[in-house]
Amino acid sequence: MASEDAKRSEGVKAPSNAVIGICKSLIAGGVAGGVSRTAVAPLERLKILLQVQNPHSIKYNGTVQGLKYIWRTEGFRGLFKGNGANCARIVPNSAVKFFSYEQASKGILYLYRQQTGNDDAQLTPLLRLGAGACAGIIAMSATYPMDMVRGRLTVQTDKSPYQYRGMVHALSTVLRQEGPRALYRGWLPSVIGVVPYVGLNFAVYESLKDWLVKSKPFGIIDNNNSELTVTTRLACGAIAGTMGQTVAYPLDVVRRRMQMVGWKDASSVITGDGRGKAPIEYSGMVDAFKKTVRHEGVGALYKGLVPNSVKVVPSIAIAFVTYEKVKDILGVEFRISD
């Protein structure tokens, strides 16, 4: 009788522990996203401004000059404009992304072991890439409307003829004026871009960590300790972020430009001074690529790459390390490499 009571007790506790574990993992991912994105918010805003600015009215033509111009014309707050909306998007996005990666990794590893008949098999870099791609698509799709309006909030200035007052106001305005489909404008290039971006981030980061732990090169890890230092993990994250963003960057430029379509004040917002009010129109992702390259050259697909590179390297590194550290603090037992 006692054993039956114990079993019933265990049956009640297990789901509770599972829910707590999920919540802790989501919290860790959310904190990682918020901390990493706020740390590089000025560079994030400058990147978007460079991506969408009118080529006939250049305001921002470099990382240092662009940051100085924002400081001079909009002050300190201008450097962080749109960051509240960005964090409102990135916190749930990061939470869902890290959690989805863990679950996808476990599912793919289970299927891989079943297929190979090897219970000790581990994820290969290619399988990690697949798990990361799944996580990126799920997280991007779940939070895309917030990303869309965040892009518009970021590019508007004090001289813009129409002001969104915040994320909720922007969401309601876009819904009212442009319809619900507008909230997913640019979704396709985003999803296509997120596959190599998030996929490579996770695959390179996890594979580098595994290689360093097993090979112990350059004396980074002594034989009595299998844990990587924070500095080493930051370096792994930086390498992963650099590779992912370089491959996916042209799709990010096209996505931002497509998000401006249908916004009647977009050209004024982009130029910042009311000139060049020709409507911004793209019929789709391919059309956006063609028009961008035809009118501005191939280099336009990499506008804002420098500030984005300066931003992504610390941002991805901070996100991975913060995630793992918060999980340690919260007592989450499993890691994303398990």
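Calculation notes
- Residues numbered from 1 in each chain as written.
- Predicted model: local features only at pLDDT ≥ 70, side-chain atom pairs only at ≥ 80, totals over all residues.
- Heavy atoms only, no water.
- 1 Å grid on protein atoms, 1.4 Å probe; cavity = no way out; pocket = protein on both sides within 12 Å on 5 of 7 lines; lining within 4 Å.
- Points joined across faces, edges and corners; volume = space filled by probe spheres on them.
- Helix = DSSP H or I, 4+ residues; strand = E, 2+ residues; numbered from the N terminus.
- Nonpolar A, V, L, I, M, F, W, Y, C, P; charged D, E, K, R; others polar.
- Patch = residues over 30% accessible without salt bridge, like charges linked within 9 Å, V, L, I, M, F, W, Y side chains within 5 Å.
- Areas by Shrake-Rupley, 256 points an atom, 1.4 Å probe, with all protein chains shown as cover.
- Salt bridge = Lys/Arg side-chain N within 4 Å of Asp/Glu carboxyl O.
- Buried < 20%, exposed > 50% of the residue type's maximum accessible area, 1.4 Å probe, protein only.
- pLDDT = per-residue confidence, 0-100.
- Contact = heavy atoms within 4.5 Å.
- Expected span 1.5 Å × (residues − 1).
- Bend = angle between axes of the 7 residues up to and from the residue.
- Phe/Tyr/Trp six-rings, centres within 6.5 Å; stacked < 30°, edge-to-face > 60°.
- Core = buried A, V, L, I, M, F, W, Y, C linked by side-chain atoms within 4.5 Å.
- Axes fitted to C-alpha atoms, helices over the stretch in contact; angles between N-to-C directions.
- Parallel < 35°, antiparallel > 145°, perpendicular 65-115°, else oblique.

A. Region of interest: empty space enclosed by the protein. The final tally for this structure, using the stated rule, is 3 cavities of 30 Å³ or more. The wall of the largest cavity is formed by 38 residues, among which Arg-37, Lys-97, Tyr-197, Val-198 and Arg-255 lie closest to the centre. Sort the elements by how many residues they give to the lining of the largest cavity and helix H7 (residues 187–215) lands first, with 8 residues. Its residues placed into classes, the lining of the largest cavity shows 16 nonpolar, 11 polar and 11 charged. Considering only enclosed or pocket space, the second largest cavity measures out at about 60 Å³ in volume.

B. A look at a nonpolar patch on the surface. On the surface, Tyr-184, Trp-187, Leu-188 and Ile-192 cluster together to form a nonpolar patch covering roughly 360 Å² of accessible area. Considering the arrangement of structural elements, one finds Ile-192 in helix H7. For Ile-192, a relative accessible area of 36% corresponds to the partly exposed category.

C. Seen up close, the confidence of the model for the protein chain. Predicted confidence across the protein chain gives a mean pLDDT of 79, with 82% of residues reaching 70 or more. Here residues 6–15 is a poorly scored stretch, pLDDT under 50, and it has 0 contacts once near neighbours within four places are set aside; other chains count. Predicted confidence is poor over residues 267–278, with pLDDT under 50, and the contacts of this stretch with residues over four places away or in other chains come to 28 contacts.

D. Representation of the side chain of Thr-232 in the model. Relative to the helices and strands, Thr-232 is located in helix H8 (residues 230–259). In contact with Thr-232, not counting residues within four places along its chain, are Leu-212 and Ile-220.

E. Layout of helix H3 (residues 63–79). Between the first and last C-alpha of H3 there are merely 12 Å, a value that for 17 residues lags more than 12% behind the 24 Å anticipated at 1.5 Å per step. Its maximal kink placed at Thr-73, H3 deviates by approximately 105°. What H3 keeps buried is the set Thr-63, Gly-66, Tyr-69, Ile-70, Glu-74, Gly-78 and Leu-79.

F. Summary view of the pattern of salt bridges. Enumeration over the complete set of coordinates arrives at 15 salt bridges. The closest approach of N and O atoms between Glu-44 and Arg-37, which form a salt bridge, is 3.9 Å. Across the pair, Arg-37 and Glu-44 agree in class, each one buried. Three or more residues are tied together by salt bridges with common partners; here these are Arg-37, Glu-44, Lys-47, Asp-147, Asp-252 and Arg-255.

G. Inspection of helix H4 (residues 83–116) at higher detail. Helix length check: H4 (34 residues) gives 46 Å between terminal C-alpha atoms against 50 Å at 1.5 Å per residue, within 8%. Just past H4, the residue Gly-117 takes up positive phi, approximately 75°.

H. The arrangement of the packing of aromatic side chains in detail. One pass over the structure, following the stated rule, counts 10 aromatic pairs. Seen from their ring centres, Phe-98 and Phe-202 are 5.6 Å apart, and the 80° between their planes marks the pair as edge-to-face. Remark: Phe-202 occurs in helix H7 and Phe-98 occurs in helix H4; sequence separation between them is 104 residues. Phe-202 shares its class with Phe-98; the two are buried. Ring centres 4.0 Å apart and planes at 10° place the aromatic pair Tyr-101 and Phe-202 in the stacked group. Here Phe-202 lies in helix H7 and Tyr-101 lies in helix H4, a separation of 101 residues in the sequence. By the burial criterion, Tyr-101 is buried, and Phe-202 matches it. Taken together through their ring pairs, the aromatic side chains of Phe-98, Tyr-101, Phe-202, Tyr-205, Phe-320 and Tyr-323 make up a single cluster.

I. Looking closely at the nonpolar core. Counting 34 residues, the largest nonpolar core has Phe-98, Val-149, Leu-153, Val-174, Phe-202 and Phe-320 as its most contacted members. Counting only elements with at least two residues in this core, the list comes to helix H1 (2–39), H4, helix H5 (125–155), helix H6 (167–178), H7, H8 and helix H11 (305–330). Grouped together as the second largest cluster of nonpolar side chains are 11 residues, Ile-48, Leu-49, Val-52 and Val-155 included.

J. Broad picture of the environment of Phe-80. If you trace the backbone, Phe-80 turns up in the loop between H3 and H4. You can call Phe-80 partly exposed: its relative accessible area is 28%. Distance from Phe-80 to Arg-45, taken between C-alpha atoms, is 7.3 Å for residues 35 residues apart in sequence. Not counting the four nearest positions on each side in its chain, Phe-80 is found in contact with Thr-38, Ala-41 and Pro-42.

K. Focus on the packing of helix H2 (residues 41–52) against H8. Closest axis-to-axis distance for the H2/H8 pair is 9 Å, and the angle between their directions is 75°. The angle between H2 and H8 falls in the class roughly perpendicular. Every residue of H8 that contacts H2 at Glu-44, Lys-47, Ile-48, Gln-51 and Val-52 is listed here: Tyr-249, Asp-252, Val-253, Arg-256 and Arg-257. Of the residues in the contact of H2 with H8, the class split is 4 nonpolar, 1 polar and 5 charged.

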